[in-house]
Amino acid sequence: MQIYVCIKHVPDSAANIHLLDDTRIDEKVAFLLNPYDEHAVTEAAALKKKAADSEIIAVCIGKPDAEKTIRTAMAMGADRGILVETDEACDSMTTARALHAAIVQDGSADIIFTGKESIDSEGMQTQFRIGALFGFPVVTNAAFLDVTSGKAVVTCELSGGRTRTFELALPCVVGAGRGLNTPAYPTFPDVVKARKKPIKTISLDSLSITPAGGSAKTVALAPLVQKRHPKKITGTPADQAKEIIRILQKEAKVLA
Amino acid sequence: MKKTGILIELENGRVKETSLGMITLAARTEADLHALVLDGVDDTACDILAQYGITTVVDLALASDPEIRLNPAVRADAAAQAAQKLQLDVIFGLSSADGKDFIPRVAALLDAPLVMDCLDVDLEKNIARTSQYSGKVLADIQLTGDVVIFGIRPNAVQPVPSPAQTKKITVPADNTVPADFVLVSWDDGENSSRTSLAEADIIVAGGRGLKNKDNFSLIFDCAEKMNAAVGASRVAVDEGWVSYAYQVGQTGEKVNPQVYITFGISGSIQHFAGMKTARMIIAVNKDDNAAIMANCDYQVQGDVFEILPELIRQL
C-alpha cells in the first residue's frame, strides 16, 4: 500500500508565543511535529507492519526548517518525505491544494493520514478539503482503524463518549485523534536511520496549483492574556462548599 | 442584503440554546436569516426560531433512518446543496462535537473558506475572531469568496429574542448514502442525556489530585448534582480514570462554560488552552502554589477529599 501522511511543523504547545507584529508570531521558539500527526504517523507505521510491501511518505508544506519535522516522522516510521517549500503562510484551501498536488505528482495513494487538527492555527478542516479534491471519503478524530481487503473500518469519537463507526472504501482520508494509538517515541538508532532517508523538496510555485475561489487571511493577532484576580475562599470544608454553592447561585447564576 | 444560513442543531427535537446564540450573532448585521434544519422542524421549533429573528425556516427533510440521518457525508451534502439552491452568502454552524465533523465537510464541498471555533464574527467585513496557538493568541481572520462559513463556538453569544415574521419552506435532501462512506454502527454513550462538554454551562473537572479511578467518581457525582458536564485533565485520562472523550485542553476538548470548577488540577499551559475562555474559574487544590490558583476567579485551598463530599452533600 502507498500510505501518505500529511504532517505539520508547529510551535511546541508549551512555548510562549510572542508577536513580531500584527500578523506574525516570533518563530524563534521550538517547533515540532504536530501532536495529532504523531498519531497519524504511528498508525501508518502499524499499517505497514501488517502490509509489509507498503511505503509511507510524509508530506509537509512549510519553510525549509520543516525538514526537522519530516525527520521526526521518518524516525517514527515514514520511509521518505516530501517538503513543499514556501515562505508564505497558506490558508487551508491553498494547503489542501498543495498537498493534493504533491501527492498526485508523487504516486497513487491508498490511504492518506492527517492529524484531526493542527495545534497552531487550529483550523480543523484540511483533511476534508484534501478528501474533496481527491474525491475520497474522509473521517476525523479516528480512534480505531482496521484496514482489510480494500476497505477501512473506522471508529470516530464525538464528545461525551459517543462514537460512530464507518466503513470506507479505499482510498480514503483518515484524520487521527488521540484515541487512535500511543505514539512510541523514536529510539536513537531510529533517529540516526532517519537522517539517511530521502526528502524531496519542491517549491509551492512549481506545483502550479489553481488558486481557490475564496481565501482566509489573518488580518490581526493579539496576545490572549486573561489575567484573573483570584479571591480566596477560606474556612472549614463545609464553609468552603457552602460558599461555592452561593457563588454558583448568586454570582454566576448557573444553579437554581 | 446578505442571505445568511444558520445550521440549527436540535436536541430531542428542540432547538438548542447554543443554536439560538448563533442567530443573535448573525442578526447583528442586517441580513435575511435562514434557519437550515436537518432533523425535522415542528411548529414549536418554528415559533422559537421566529422569536429569535429567523425569516425563513428551511426544512431539509432528512430521512429518519439513523444510517442516513447520522451519516455526516449525507448531512453535509444536504446542507451544501441547500446553500447553493438558496444562494446563501454566509453560513453559520456550531463548532460543537458534531459540528466539527460536519461544518468543515460543507466547506470542503462548497470549496468555501471557513473559520472554526469563532468567538465573534463581524459580518460587515467577514472577519472572525478565534483563538490560536493553544489559546495564547487571538486571531482575526478575514474570509473572501462567494460564500463564507463560520463555525461558532457554543456559548460564544448569549441568545437575545428579536421576533420576526417567519415562513417555512422545504429544500429536500438527497438522502443518498455514498457507497464509499457508510455508517455501520453508532454508540451514544452510557448516558446520552449527560450534558456535552462543549455546550455545558457548568463543567466540573478533575485531575491528578483525585489519585485514582474510584475517587474520580466523586467528580461524576458532583457534576450530576449540578447538572454539569464532567471534564478531566490529561493526567486523569492517561491514568485511565476516564476516557479521552472527557479530556479538556490542548489535545482535548476546547470548552467555553459559564463556570469551570477544578478539583486537583494544577493548571498546565496545555490545560488552560482548553478552558481559559470560561467566564468564571473556581479552583480547588491542596497546593497554594499550583499554577491554576494564580489564574482563577476563586481559589479554594484545601483537601479535595473533604471539600468534594461536602459539596455533594450540600447540593
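The written sequence of each chain sets the order in which its residues are numbered from 1. As a convention, the first chain written is A and the first ligand written is 1, with the rest following in written order. Note on the predicted model: pLDDT of at least 70 is required for a residue's local features to be given, and 80 or more for side-chain atom pairs to be given and counted; whole-chain, interface and lining totals, by contrast, use all residues. For the side-chain quantities, the full set of heavy atoms in the structure was used; hydrogens and water were omitted.

1. Concerning the overall build of chain B
Counting secondary structure elements, chain B contains 10 helices and 17 strands. Each radius of gyration is computed over the set of C-alpha atoms, and the globule rule expresses the reference value as 2.2 Å times the number of residues to the power 0.38. What you see for chain B is a C-alpha radius of gyration of 21 Å, in line with the 20 Å of a compact globule of 315 residues. Projected onto the principal axes, the alpha-carbon positions of chain B cover approximately 60 × 40 × 35 Å. Exposed residues in this analysis have more than 50% of their type's maximum accessible area, buried residues have under 20%, and partly exposed residues fall in between, with area computed by a 1.4 Å probe over protein chains only. Looking at chain B as a whole, 63% of its 315 residues qualify as buried. Approximately 11,800 Å² of chain B is accessible, and the part contributed by carbon and sulfur atoms is 44%. Neither His nor the chain ends contribute to the count of charged residues, in which Lys and Arg are positive and Asp and Glu negative. The atoms used to mark charge sites are NZ of Lys, CZ of Arg, CG of Asp and CD of Glu. Computing the positive centroid from 27 side-chain charges and the negative centroid from 42, chain B places the two 4 Å apart. Numbered from the N terminus, helices here are DSSP runs of H or I no shorter than four residues, and strands are runs of E no shorter than two. Every accessible area reported is derived by Shrake-Rupley at a probe size of 1.4 Å, with residue values counting cover from the shown protein chains alone.

2. Quick notes on helix α4 (residues 72–85) of chain B
For α4 of chain B, built from 14 residues, the straight-helix expectation of 20 Å at 1.5 Å per residue is met to within 8% by its first-to-last C-alpha distance of 20 Å. Along α4 of chain B, 10 of the 14 residues are buried, which leaves the element largely enclosed by surrounding structure. Every buried residue of α4 of chain B is accounted for by Pro72, Ala73, Val74, Arg75, Ala76, Ala78, Ala79, Ala80, Ala82 and Ala83 of chain B. We call two residues in contact whenever any of their non-hydrogen atoms come within 4.5 Å of each other. Looking at the buried residues of α4 of chain B, the elements they touch are β9 (163–169) of chain A together with β1 (2–8), α3 (66–69), β6 (90–94), α5 (103–110) and β12 (181–187) of chain B. By the N-cap criterion, in which a side-chain oxygen at the helix start approaches the backbone nitrogen of a residue two or three places on, α4 of chain B is capped by Asn71 of chain B, the distance to Ala73 of chain B being 2.8 Å. Expected span of a helix, by definition, is 1.5 Å for each gap between consecutive residues, and there is one gap fewer than residues. For this analysis, a polar contact is any N or O atom pair within 3.5 Å, provided that within protein one partner can donate a hydrogen and the other can accept it, and provided that sequence-adjacent residues contribute only side-chain to side-chain pairs.

3. As for the domain arrangement of chain B
The extent of an interface is frequently quoted as the accessible surface area lost upon association of the parts. Residue and element names in this part refer to chain B. One can read the domain layout of chain B as domain 1 (2–170) and domain 2 (197–314). Centre-to-centre separation of domain 1 and domain 2, based on C-alpha positions: 30 Å. Taken residue by residue, the interface counts 15 residues in domain 1 and 15 residues in domain 2. Buried area is understood as the total, over both parts, of accessible area removed when two parts are fitted together, assessed with a 1.4 Å probe. Interface area for domain 1 against domain 2, summed over the two sides, is near 1,100 Å², with a carbon-plus-sulfur share of 39%. The largest contributions to the domain 1 side of the interface with domain 2 come from Ser134, Arg153 and Asn155, which together make up 42% of the buried area. Criterion for a salt bridge: a side-chain nitrogen of Lys or Arg within 4 Å of a carboxyl oxygen of Asp or Glu. The interface formed by domain 1 and domain 2 contains 2 salt bridges. Boundaries between domains were set according to an automatic or database domain assignment.

4. Details of the pairing of strand β7 (residues 114–122) of chain B
Residue and element names in this part refer to chain B. Counting buried residues in β7 gives 7 out of 9 residues, a clear majority hidden from the surface. Bridge analysis of β7 against strand β10 (residues 148–152) gives 3 bridges, and the strand direction is parallel. If you follow Leu114 over to β10, its bridge partner there is Ile149. Each pair of strands is called paired provided DSSP finds at least two bridges between the two strands. Following β7, the chain reverses through 4 residues before pairing antiparallel with strand β8 (residues 127–132); Asn126 in that reversal takes a positive phi of roughly 55°.

5. Concerning the packing of aromatic side chains
Residues and elements named next belong to chain B. Note on aromatic contacts: the rings of Phe and Tyr and the six-membered ring of Trp form a pair at centre separations within 6.5 Å, being stacked when their planes are under 30 degrees apart, edge-to-face when over 60 apart, and tilted otherwise. Counted according to the given criterion, the structure contains 5 aromatic pairs over all chains. Three or more aromatic residues joined by ring pairs make a cluster, and in this case those are Phe216, Phe220 and Tyr246. By definition, being over a ring means that NZ of Lys or CZ of Arg is both within 6 Å of the ring centre and within 35 degrees of the ring normal. One Lys or Arg, Arg75, reaches over the ring of Phe102 and ends 5.8 Å from the middle of that ring.

6. Regarding the packing of helix α4 (residues 126–134) of chain A against α5 of chain B
Put simply, α4 of chain A and α5 of chain B touch, their axes get as near as 8 Å, and they point 35° apart. Of the two elements, α4 of chain A crosses α5 of chain B, and the hand of that crossing is right-handed. Where α4 of chain A approaches α5 of chain B, its residues Phe128, Arg129 and Ala132 of chain A are matched on the opposing element by Pro104, Arg105, Ala107 and Ala108 of chain B. The residue makeup of the contact of α4 of chain A with α5 of chain B, split by class, is 5 nonpolar, no polar and 2 charged. A fitted line through C-alpha atoms represents every axis, and for helices the fit uses only the stretch in contact; the resulting angles, taken between N-to-C directions, go from 0 to 180 degrees. It is the rotation of the near helix from the far one that decides the hand of a crossing: anticlockwise by less than a right angle makes it left-handed, clockwise makes it right-handed. Amino acid classes used here: Ala, Val, Leu, Ile, Met, Phe, Trp, Tyr, Cys and Pro are nonpolar; Asp, Glu, Lys and Arg are charged; the rest, including Gly, are polar.

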